[in-house]
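Survey of secondary and tertiary structure
Below are the chains, spelled out letter by letter.
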There are 2 protein chains.
Amino acid sequence: MSITTDDTISIERTAGLMTDYNKFFQPSSIVLLGASGDPRKWGWRILRNIISGGFSGNIYPINPQRDEILGRKVYKRVSDLPETPDLAVIVVPTAGIVEAIQDCVDRGIKAGVVITAGFAEIGEKGVALQAEMVNVARKGGMRLIGPNCLGISSPSHRLFAQMPSVHPPSGSIAVVSQSGNVGATIVRRAMTLNLGISRLISTGNEADLHIEDFLEYLGRDELTRVILSYVEGFQDGRAFFEVARDVSKRKPIVMIKVGETEAGASAARSHTAALSGSDRVFEGVCRQAGIIRVHNMRELVNTGCAFLCNPVPKGRRVGITTFGGGWGVLAADACAKLGLEVVKLDKAVIEELDSFLPSWWSRNNPVDLVSGTLVENNVNHIIEVLAKYNKTDGVICLGLPFPALERAPKPLTDEDKLKRRQLVIAHYQNVFRKIKSISEKYQKPIIVSAELFAPRQYVEEQDILSAITEVNSMCYNLPDEAAMVMHGLATYGEFLRKIS
Amino acid sequence: MSITTDDTISIERTAGLMTDYNKFFQPSSIVLLGASGDPRKWGWRILRNIISGGFSGNIYPINPQRDEILGRKVYKRVSDLPETPDLAVIVVPTAGIVEAIQDCVDRGIKAGVVITAGFAEIGEKGVALQAEMVNVARKGGMRLIGPNCLGISSPSHRLFAQMPSVHPPSGSIAVVSQSGNVGATIVRRAMTLNLGISRLISTGNEADLHIEDFLEYLGRDELTRVILSYVEGFQDGRAFFEVARDVSKRKPIVMIKVGETEAGASAARSHTAALSGSDRVFEGVCRQAGIIRVHNMRELVNTGCAFLCNPVPKGRRVGITTFGGGWGVLAADACAKLGLEVVKLDKAVIEELDSFLPSWWSRNNPVDLVSGTLVENNVNHIIEVLAKYNKTDGVICLGLPFPALERAPKPLTDEDKLKRRQLVIAHYQNVFRKIKSISEKYQKPIIVSAELFAPRQYVEEQDILSAITEVNSMCYNLPDEAAMVMHGLATYGEFLRKIS
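So, how was this worked out
- Residues numbered from 1 in each chain as written.
- Chains lettered and ligands numbered in written order.
- Predicted model: local features only at pLDDT ≥ 70, side-chain atom pairs only at ≥ 80, totals over all residues.
- Helix = DSSP H or I, 4+ residues; strand = E, 2+ residues; numbered from the N terminus.
- Rg over C-alpha atoms; globule rule 2.2 N^0.38 Å.
- Buried ≥ 20, exposed ≤ 12 C-beta atoms within 10 Å, placed from the backbone.
- Contact = placed C-beta atoms within 7 Å.
- Pairing = 2+ DSSP bridges.
- Axes fitted to C-alpha atoms, helices over the stretch in contact; angles between N-to-C directions.
- Least-squares fit on C-alpha atoms with pLDDT ≥ 70 in both.
- Right-handed = clockwise from strand over helix to strand, strands pointing away.
- Nonpolar A, V, L, I, M, F, W, Y, C, P; charged D, E, K, R; others polar.
- Domains from an automatic or database assignment.

Across its full length, chain A carries 16 helices and 20 strands. Over its C-alpha atoms chain A spans a radius of gyration of 26 Å, differing by no more than 12% from the 23 Å that the globule rule assigns to 500 residues. The principal-axis extent of the C-alpha atoms belonging to chain A is close to 80 × 60 × 35 Å. For chain A, the proportion of its 500 residues judged to be buried stands at 57%. Looking at chain A alone, contacts between residues at least 24 apart form 77% of all its contacts between residues at least 6 apart.

Put into structure tokens, the structure is as follows:
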């Protein structure tokens with residue numbers, strides 16, 4: 001993959017064809033080629049997902065043998081349809097794929113998602129079939145997503161043309177993944193935090209449209225604020241680089257790139273026929289294109305969400321406050337390993353902290369409260385001192401004050417439980433609202449990692465976490481996760497400063 | 001820290017003193033010096049934790065100003081006690097600490113836990129006070145845990161002489177931590193999985209008894225099967241090395257060692273006055289002493305638990321099965337980065353898998369089922385083929401079959417919910433029982449990472465995870481976590497082979 005400073009995006013890469021992404025992501029009608037009456041088949045499940053997802057336009061299942069599936073009228077051929085659908089979703093077996101695409105082209109359809117597998121990823125024969133399919137589509141001015149993909153979704157449009165029956169709410173996180181199951185996992189992880197999705201794009205073998213085409217689209221897409229991506233390889237490394245660098249100017253791209261090792265690269269070849277390329281070169285691409293590279297799905301979602309609720313920091317200098325020493329040491333180590341600077345505290349800062357902290361605090365960064373003094377005003381006050389300090393670019397806060405609850409009455413009635421649940425949730429929402437106001441005042445990110453007080457008899461941790469995202473905040477699990485997130489934000493900040 | 005091949009454990013390191021650990025962990029009576037009537041103080045909270053933890057022996061709170069606290073008779077001085085308690089728990093302020101220890105010595109007490117902070121971690125004055133305190137204790141034949149620690153617990157004995165009010169069930173995981181709050185976090189993480197603890201030891205500044213003393217004790221302790229440890233530094237590196245190597249022969253030690261960076265080392269110095277030492281030397285110590293080193297609390301608990309429910313593998317060769325390509329690629333990459341070999345499949349193995357897998361499977365390791373064919377018999381069959389294969393030492397299984405539930409009735413009654421909850425839980429327990437039987441048959445670890453089917457209207461994921469540990473199994477979250485756990489098991493296996 002060559003690195004270039006040329007900013008123009010090549011047009012030839014799209015074979016001279018325009019792509020109308022609205023036909024993919026905001027279609028007014030869908031045809032499903034390969035619809036099935038058998039609930040064990042994807043041709044049935046995908047139809048069910050489209051219907052149960054609440055798609056409001058016309059849905060046309062195609063199946064020569066059936067008149068009706070899931071209460072919908074079935075058509076024998078694409079040519080029988082009363083209108084030209086915007087989007088074709090294709091699950092016919094490989095043997096019938098070329099004919100299916102030809103039918104779509106003949107009907108004037110411009111956008112197709114090929115879910116069927118058994119193409120380039122299975123070897124030579126598949127490569128040839130895939131090429132033939134693309135050839136037919138392109139000749140007819142039709143663009144394809146896939147094959148060997150899970151489908152696409154666009155929750156704001158109630159479009160769920162996909163294999164998994166998961167219907168996330170609409171939001172600002174785009175997921176573009178060369179693996180369908182990784183894409184789905186990312187969506188589910190976001191959903192457990194009550195976070196919404198703008199688009200899910202499972203790109204599969206990328207026979208026609210490539211990862212860079214989708215990045216270009218998502219860069220322009222008004223619903224999308226952050227792009228989470230899983231990539232196994234690039235068919236046109238230069239085009240990818242140019243697009244990614246351009247998109248990164250407007251919104252962050254957080255990416256897992258696998259195939260770092262020969263074992264991973266070999267697995268990727270059998271998966272989507274992807275050629276992983278040199279990992280060292282890819283590291284260089286990330287640096288120059290502003291891509292925030294992460295290494296697993298937790299880091300991907302953690303980092304992506306951080307961009308939704310934090311300002312981008314102006315540097316890599318961090319102040320840390322912790323309710324206990326060990327957590328602080330873990331965070332300091334993790335920060336330093338990631339190239340974040342755990343800054344020394346000036347005398348004036350120490351004096352300001354001294355004015356309200358108990359005598360035994362650490363007088364060092366991390367500011368260690370030593371268990372027992374974790375009251376809300378303390379924490380906010382320390383955060384504010386560290387955020388105000390002109391030698392920090394961001395603050396990591398480890399540990400939060402627990403809600404003050406009276407001793408639980410016995411027996412605990414349902415009403416008691418509900419009341420206590422509401423108290424706990426309101427407590428955490430308030431804590432995060434205050435932290436957010438400090439973050440906004442000083443325009444520095446404040447990343448929180450804490451164990452939450454969640455007695456299961458009246459509140460689940462997951463509900464607290466969701467309540468926290470409702471006030472546009474995030475709470476992470478471990479001190480090193482907070483450091484990793486701060487590193488992601490800082491890496492993007494460096495890119496923005498470099499290009500400005 | 002020097003590396004030696006001498007197997008003898010130095011006796012001088014204990015200052016010629018014997019330590020009766022039963023007095024610490026199975027005391028028949030406890031005296032609490034610094035008991036308080038003020039619920040905001042640790043002297044009150046620790047007493048409450050001891051009482052509410054269900055300690056069955058005599059409890060003697062000491063406080064010159066009070067007659068009764070929490071319904072317990074309070075004594076003015078240690079000399080007033082009707083018997084010599086086995087264990088002294090000490091929370092008096094630093095100003096009174098030497099006198100308190102002297103009182104204990106005079107009364108013949110042999111075991112003390114000093115929770116009070118403000119010693120070596122605060123500088124020169126604290127160093128001197130700490131030395132004086134130890135001197136008084138040792139002269140009187142009394143051994144000390146701490147100071148600046150969170151306390152100890154021994155759930156089988158209903159002993160919770162500690163700051164946090166967390167009462168884990170009795171089990172076989174020992175936690176020995178130089179950070180109290182990290183120790184407590186580890187215990188809570190284990191508890192959310194319904195896993196029990198044998199001992200929690202918060203070692204603090206280690207003024208008298210050191211990390212290696214506790215390792216030696218836990219190595220002999222029959223309740224303990226695996227030791228999880230958080231360490232900031234060593235006062236006697238050679239002694240630590242010798243003890244660790246000896247204990248590792250009998251049970252695995254999984255350890256976080258911080259202070260890898262200057263920022264972390266500096267934070268550790270203010271925390272427990274620990275000197276972190278060279279990280280490269282420590283890596284060598286781990287290799288030679290069989291310590292499994294991990295880098296965060298999730299890895300620590302994940303790896304520790306794996307030892308409780310898996311045989312130790314005979315090598316680093318791994319077979320992987322996955323329900324979808326991306327997860328498989330992530331696992332393959334993670335394995336290779338950790339030095340695990342993702343073995344090539346022999347022709348005979350491919351033929352055996354061909355005999356029952358659908359035509360489109362990957363014919364490669366990872367064995368990729370490609371979504372849609374994840375039925376229970378398939379998964380077990382693949383796992384068995386991979387476990388039987390003479391070129392694997394362990395199997396990683398990514399993804400599990402979901403429970404087959406009928407469409408939810410509307411409205412869903414409480415009885416329906418309960419029934420469905422039980423079905424889901426029984427399904428997963430069964431899946432893991434079968435996997436365990438394959439693991440036992442071939443004496444190879446089988447590590448599972450999967451998204452679980454947990455519709456929150458009738459079952460929480462946490463309840464499924466707990467149910468899985470009930471059948472002595474574990475389910476991890478991410479593919480790279482499974483690889484990390486396998487790496488931990490294999491690292492220990494290498495040590496055992498080397499010393500045998």
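What follows deals with the sheet that holds strand β14 (residues 292-294) of chain B. Residue and element names in this part refer to chain B. What the seven strands build is an open sheet, ordered β9-β8-β11-β10-β12-β13-β14; its pairing is mixed. Edge strands, defined here as strands with exactly one partner in the open sheet, are β9 (159-162) and β14. Across the sheet, the mean angle separating the axes of adjacent strands is 20 degrees when strand polarity is ignored. Pairing analysis gives five bridges linking strand β12 (residues 226-231) to strand β13 (residues 253-257), with the strands arranged parallel. Pairing of Tyr-230 across the sheet is with Ile-256, part of β13.

This part takes up the relation of the copies chain B and chain A. Between chain B and chain A, the superposition needs a rotation of 180 degrees and an axial shift of 0.0 Å, giving an RMSD of 0.0 Å. Expressed as an axis order, the relation between the two copies is that of a two-fold axis. Considering only C-alpha atoms, the part of chain B nearest the rotation axis is Glu-460 of chain B, at 4.4 Å. Looking at the interface residues of chain B, 100% of them are also at the interface in chain A, so both copies use one shared face.

A regular strand places its side chains on the two faces of the sheet in alternate fashion. Residues and elements named next belong to chain B. A two-sided burial pattern is seen for strand β5 (residues 87-90), the buried positions comprising Leu-87 and Val-89 on one face and Ala-88 and Ile-90 on the other. Two strands pair when backbone bridges link them, and strand β1 (residues 29-33) and β5 are joined in this way by four bridges, in the parallel orientation. Across the sheet, the residue bridging to Ile-30 is Leu-87, located in β5. Strand direction decides the pairing type here: β5 and strand β6 (residues 111-114), joined by four bridges, are parallel. Paired with Ile-90 across the bridge in β6 is Val-114. Note on the crossover from β5 through helix α3 (residues 97-106) to β6: the handedness is right-handed.

The next thing to look at is the environment of Asp-393 of chain B. All names here are of chain B. In this fold, Asp-393 is placed in the loop between α13 (376-388) and β18 (394-398). Sequence-wise, Asp-393 and Val-312 are 81 residues apart; in three dimensions their C-alpha atoms are separated by 9.2 Å. Dropping the residues within four chain positions of it, Asp-393 is found in contact with Pro-313, Lys-314, Gly-315, Arg-316, Arg-317, Lys-444 and Ala-490.

As a further point, take the environment of Glu-232 of chain A. Following the sequence through the fold, Glu-232 of chain A ends up in the loop between β12 (226-231) and α7 (237-248). Residues Glu-232 of chain A and Asn-430 of chain A, 198 residues apart in the sequence, show an inter-C-alpha distance of 42 Å. Each residue touching Glu-232 of chain A, except ones within four places of it in the same chain, is listed here: Gln-178, Val-258, Gly-259, Ala-268, His-271, Thr-272, Ala-274 and Ser-276 of chain A together with Val-329 of chain B.

All names here are of chain B. For the pair helix α7 (residues 237-248) and helix α9 (residues 279-289), the least separation of the axes is 9 Å and the interaxial angle reads 35 degrees. Every residue of α9 that contacts α7 at Phe-241, Ala-244, Arg-245 and Ser-248 is listed here: Val-285, Gln-288 and Ala-289. Of the residues assigned to the contact of α7 with α9, the class counts are four nonpolar, two polar and one charged.

Here the focus is the pairing of β12 of chain A. Residues and elements named next belong to chain A. Extensive coverage of β12 is indicated by the burial of six of its six residues. Alternating positions in β12 separate into two faces, Val-226, Leu-228 and Tyr-230 on one and Ile-227, Ser-229 and Val-231 on the other, with burial throughout. Judged from the five bridges that link them, strand β10 (residues 170-177) and β12 form a sheet pairing that is parallel. In the strand pairing of β12, Ile-173 is matched with Val-226. Running through α7, the crossover from β12 to the neighbouring parallel element strand β13 (residues 253-257) is right-handed.

This paragraph deals with the sheet that holds strand β6 (residues 111-114) of chain A. All names here are of chain A. Taken together, the five strands give an open sheet; going across it, the order is β2-β1-β5-β6-β7, and neighbouring strands pair in parallel fashion. Both edges of this open sheet fall to β2 (58-62) and β7 (143-145), since each of them pairs with a single strand only. On average, each strand axis in the sheet is tilted by 20 degrees relative to the strand beside it, whichever way the strands run. Alignment of strand β1 (residues 29-33) against β2, held across five bridges, turns out to be parallel. Opposite Leu-32, over in β2, you have Pro-61 as the bridge partner.

Another aspect to go through is the domain arrangement of chain A. Think of interface size as the accessible area that goes away when the parts come together; that is how it is often given. Residue and element names in this part refer to chain A. Under the domain assignment, chain A is made up of domain 1 (12-306) and domain 2 (311-499). Domain 1 and domain 2 are separated by 38 Å when their C-alpha centres are compared. Listed as interface residues are 16 residues of domain 1 and, on the opposing side, 17 residues of domain 2. Elements that contribute at least two residues to the side of domain 1 that touches domain 2 include exactly β14 (292-294) and α10 (297-308). With five residues, α10 is the largest single contributor of residues to the side of domain 1 that touches domain 2. A per-class count over the side of domain 1 that touches domain 2 returns eight nonpolar, six polar and two charged.

Attention now moves to the interface of chain B and chain A. Each side of the interface is counted separately: chain B has 55 residues, and chain A has 55 residues. Mapped by element, the contributors of at least two residues to the side of chain B that touches chain A are α5 (180-192), α8 (262-272), α10 (297-308) and α11 (325-337) of chain B. Tallied by class, the residues present in the side of chain B that touches chain A amount to 23 nonpolar, 21 polar and eleven charged.

Moving on: α8 of chain B. Counted residue by residue, α8 of chain B has ten buried out of eleven residues, so it is predominantly covered. Every buried residue of α8 of chain B is listed here: Ala-263, Gly-264, Ala-265, Ser-266, Ala-267, Ala-268, Arg-269, Ser-270, His-271 and Thr-272 of chain B. In this structure, the buried side of α8 of chain B is in contact with α11 (325-337), β16 (341-342) and β17 (367-368) of chain A. Directly after α8 of chain B, the chain includes Ala-273 of chain B, whose backbone phi takes a positive value near 60 degrees.

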